[in-house]
Amino acid sequence: MKINTKEMSYDEVLKLPKLKHKKPLKPQMWLATVVRIICAPTLRRIKFSYTTERMELVGKQPCLILMNHSSFTDMKLAYGIFYPRRMGIVSSVDGMTGILGKLMRLLGCTPTRKYVTDLSLIKDMEYMIKKNKSSVLMYPEAGYSFDGCATALPRKMGVLMKRLGVPVVTVITQGAFHRDPLYNMLQIRDVKVSAHVKCIATAEEVKEKSVEELDALLEESFSFDNFAWQRDNKVSIDVPFRADGLHRILYKCPCCGSENKMEGKGIHLTCQACKKQWTMDEYGQMSANETETEYAHIPDWYRWQRECVRQELEEGTYLLDTDVDIAVQVNLDGVCMIGAGHLTQDLNGFRLTGADSKLDYSQSPVFSHTLYSDYYWYEIGDVIGIGDNEFSYFCFPKGDVSVTKARLATEELYKMKKQRKVKNVRGCIW
């Protein structure tokens, strides 16, 4: 999938019309039927099936559907499960550009900027449910999973559940991540896909339970590990390119500690600094060639990298400092390529400069609980996305930079700052 791009100066970008808020349209069932027909070949190819739990308590009433985000296949799976239920979808602004965006509007989709507080979105979701009599499909992780485990969820989703006051349904997929993992450069694998659909709370239970209890139910549903599922169920993915791009996830060598010197190619992951090599087997597990295997399970390796980033932050040594190419999105017409700039991330958050110093944007470390970072974004390149309700800045690092590490740093720094804030408040009370 690609996105409309246009080269413009930053001055021209500032003159573009801003994105105007529009109320969500009632989903057009004729178009939903067309989409379902288009999805059918993929659903047959992947032998898609799903199981349900407590869904008889939902019936035909509108509900909030919270689905994990694994790959480009996810929306097809949603139509395979819920059609002909009328369903509006919360979508990212970059995913609703051009003619596709207009069609998505007719499907009931509403645009929002990822990881930006958007109060109008809550009103839009209420409008979908109460006025359009539609269910709402939302991917609470917003970004695709990197390591096959859940991406950090927004805080206090229970508040949203209580405000909407409708049944809450979760959809957790198995196999979708492995069919088209983000790191693997859009190379499709032949994997059977299934899903489990569960009503975790009826409207009455949403009303009765506390925000904390609702959050706990959601956390429980989103406590999955796709690589463990593959290993434990002996799901064989014996393709010769299964480790292509794996260095995007595993950017740090556990043997010599070098960063951004890893290379995933074929079935191997190799550190170009110390020359140690690991093989990814058909069940997604790693083994070192003739030496100790530090982490056989990819999420364990990923977790170790997170711990390393946390240590850098605590010691005050963490720094991302890189030249970037910058794309800016203002509205749904596409993104504007404005040329080169510079991006830094440290304990004070992000700072992006460019356009002969006319662009100077800073983002606090408590602005968001995670980061919009992506691999091979719209077939352009690995990206770090920051911005506010007016402008989205997509930064394409030059040189050896891991957008994965930037996401880990954002998540860990956010937690550190929030923890300190809580401690300070408690200190004032006592």
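The structure presented is a predicted model; accordingly, all values stated were derived computationally and were not measured.

Parameters at a glance
- Residues numbered from 1 in each chain as written.
- Predicted model: local features only at pLDDT ≥ 70, side-chain atom pairs only at ≥ 80, totals over all residues.
- Heavy atoms only, no water.
- 1 Å grid on protein atoms, 1.4 Å probe; cavity = no way out; pocket = protein on both sides within 12 Å on 5 of 7 lines; lining within 4 Å.
- Points joined across faces, edges and corners; volume = space filled by probe spheres on them.
- Helix = DSSP H or I, 4+ residues; strand = E, 2+ residues; numbered from the N terminus.
- Nonpolar A, V, L, I, M, F, W, Y, C, P; charged D, E, K, R; others polar.
- Pairing = 2+ DSSP bridges.
- Axes fitted to C-alpha atoms, helices over the stretch in contact; angles between N-to-C directions.
- Contact = heavy atoms within 4.5 Å.
- Buried < 20%, exposed > 50% of the residue type's maximum accessible area, 1.4 Å probe, protein only.
- Arc of directions from axis to C-beta.
- Salt bridge = Lys/Arg side-chain N within 4 Å of Asp/Glu carboxyl O.
- Phe/Tyr/Trp six-rings, centres within 6.5 Å; stacked < 30°, edge-to-face > 60°.
- Lys NZ or Arg CZ within 6 Å of the ring centre and 35° of its normal.
- Lys, Arg positive; Asp, Glu negative; His and termini not counted.
- Polar contact = N/O pair within 3.5 Å; in protein donor to acceptor, adjacent residues only side chain to side chain.

**Here we look at empty space enclosed by the protein**
Point 1. For the structure shown, the criterion picks out six cavities of 30 Å³ or more.
Point 2. Taken as a whole, the largest cavity encloses approximately 160 Å³ of empty space.
Point 3. Together, 21 residues line the largest cavity, and Lys114, Val116, Tyr372, Gly385 and Ile386 are the ones closest to its centre.
Point 4. Counting residues per element, the ones that place at least two in the lining of the largest cavity are β18 (381–387) and β19 (392–397).
Point 5. Computed from the structure, the second largest cavity encloses a volume of approximately 70 Å³.
Point 6. If you go around the second largest cavity, the residues you meet are Gln345, Gly349, Phe350, Gln363, Ser364, Pro365, Phe367, Ser368, Thr410 and Leu413.
Point 7. Contributing elements (two or more residues each) for the lining of the second largest cavity: β15 (349–354) and α12 (403–429).
Point 8. Classifying every residue of the lining of the second largest cavity gives four nonpolar, six polar and no charged.

**A word on the sheet that holds strand β5 (residues 110–112)**
Point 1. Read across the open sheet, the seven strands follow the order β2-β8-β7-β3-β6-β4-β5; overall the sheet is mixed. Of all the strands in the sheet, the pair left with one neighbour each is β2 (49–53) and β5. Looking at each pair of strands side by side, their axes are set apart by 25 degrees on average, direction ignored.
Point 2. Sheet analysis places strand β4 (residues 87–92) next to strand β6 (residues 135–138), joined by three bridges and oriented parallel. The residue of β6 that forms the bridge with glycine 88 is valine 136.
Point 3. Against the sheet, helix α9 (residues 211–221) makes contact with β3 (64–67), β7 (168–174) and β8 (194–201), and its axis sits at roughly 170 degrees relative to β8, the strand it touches most.

**Regarding α9**
Point 1. Residues of α9 that are buried: Val211, Leu214, Asp215, Leu218 and Ser221. Burial along α9 is one-sided: seen end-on, the buried residues are contained in an arc of 120 degrees. In this structure, α9 carries Glu212 and Glu220 as exposed residues pointing more than 90 degrees from its buried face.
Point 2. Among the structural elements, β3, α6 (157–164), β7, β8 and α8 (203–208) are those in contact with the buried residues of α9.

**Examining the pattern of salt bridges**
Point 1. Under the definition given, this model contains 21 salt bridges.
Point 2. As a salt-bridge pair, arginine 163 and glutamate 126 come within 3.1 Å of each other at their nearest N and O atoms. With a gap of 37 residues between them, arginine 163 in helix α6 and glutamate 126 in helix α5 (residues 119–130) connect regions that are remote in the sequence.
Point 3. For glutamate 126, a relative accessible area of 15% puts it in the buried group.
Point 4. The shortest N-O distance in the salt bridge between aspartate 300 and arginine 303 comes to 2.6 Å. Pair noted here: aspartate 300 and arginine 303 are both in helix α11 (residues 298–315), with a separation of three residues, about one helical turn.

**Focus on the sheet that holds strand β9 (residues 262–265)**
Point 1. A sheet is described by the order of its strands in space; here four strands give the open sequence β9-β10-β11-β12, paired in antiparallel fashion. Every other strand in the sheet has two partners, leaving β9 and β12 (286–288) as the edge strands with one partner each. For this sheet the average axis-to-axis angle between neighbouring strands, irrespective of direction, equals 25 degrees.
Point 2. Examined bridge by bridge, β9 and strand β10 (residues 268–271) share four bridges and lie antiparallel to one another. Considered in β10, the bridge of glycine 264 is made with leucine 269.

**Brief notes about the packing of aromatic side chains**
Point 1. Applying the stated criterion across every chain yields a total of 14 aromatic pairs.
Point 2. With a centroid separation of 5.9 Å and an interplanar angle of 90 degrees, the aromatic rings of tyrosine 372 and phenylalanine 394 are classed as edge-to-face. Here tyrosine 372, found in strand β17 (residues 372–377), pairs with phenylalanine 394, found in strand β19; they are 22 residues apart in sequence, far enough to count as distant.
Point 3. Judged by relative accessible area, which is 7%, tyrosine 372 ranks as buried.
Point 4. By the ring-pair criterion, three or more aromatic residues cluster together here, those being Tyr372, Trp377, Tyr378, Phe394 and Phe396.
Point 5. The ring of tyrosine 283 carries the charged tip of lysine 234 above its face, separated from the ring centre by 4.8 Å.
Point 6. The residue whose ring lies beneath arginine 407 is phenylalanine 146, and the NZ or CZ to ring-centre distance is 3.7 Å.

**Quick word on unusual backbone geometry**
Point 1. Following tyrosine 83, the chain continues into proline 84 via a peptide bond in cis, with omega recorded as 10 degrees.
Point 2. Assignment of secondary structure puts proline 84 in the loop between α3 (74–82) and β4.
Point 3. A positive phi angle is found at alanine 355, which is not glycine, with a value near 50 degrees.
Point 4. Of note, alanine 355 is situated in the loop between β15 and β16 (359–363).
Point 5. The exposure class of alanine 355 is buried, given its relative accessible area of 17%.
Point 6. Here tyrosine 376, not a glycine, exhibits a phi torsion of approximately 50 degrees, which is positive.
Point 7. By secondary structure assignment, the location of tyrosine 376 is in strand β17.
Point 8. Using a relative accessible area of 26% as the deciding quantity, one classes tyrosine 376 as partly exposed.

**Quick look at the side chain of aspartate 74**
Point 1. Summarising the element assignment, aspartate 74 is placed in helix α3.
Point 2. The buried charged residue aspartate 74 lacks any salt bridge partner; its closest oppositely charged side chain belongs to arginine 179, at an N-O distance of 8.9 Å.
Point 3. Within the structure, the side chain of aspartate 74 is placed 2.8 Å from the side chain of histidine 69, a separation counted as a polar contact.
Point 4. If we ignore the near neighbours within four places in the chain, the residues touching aspartate 74 are Met67, Asn68, His69, Tyr139, Tyr144 and Ala176.

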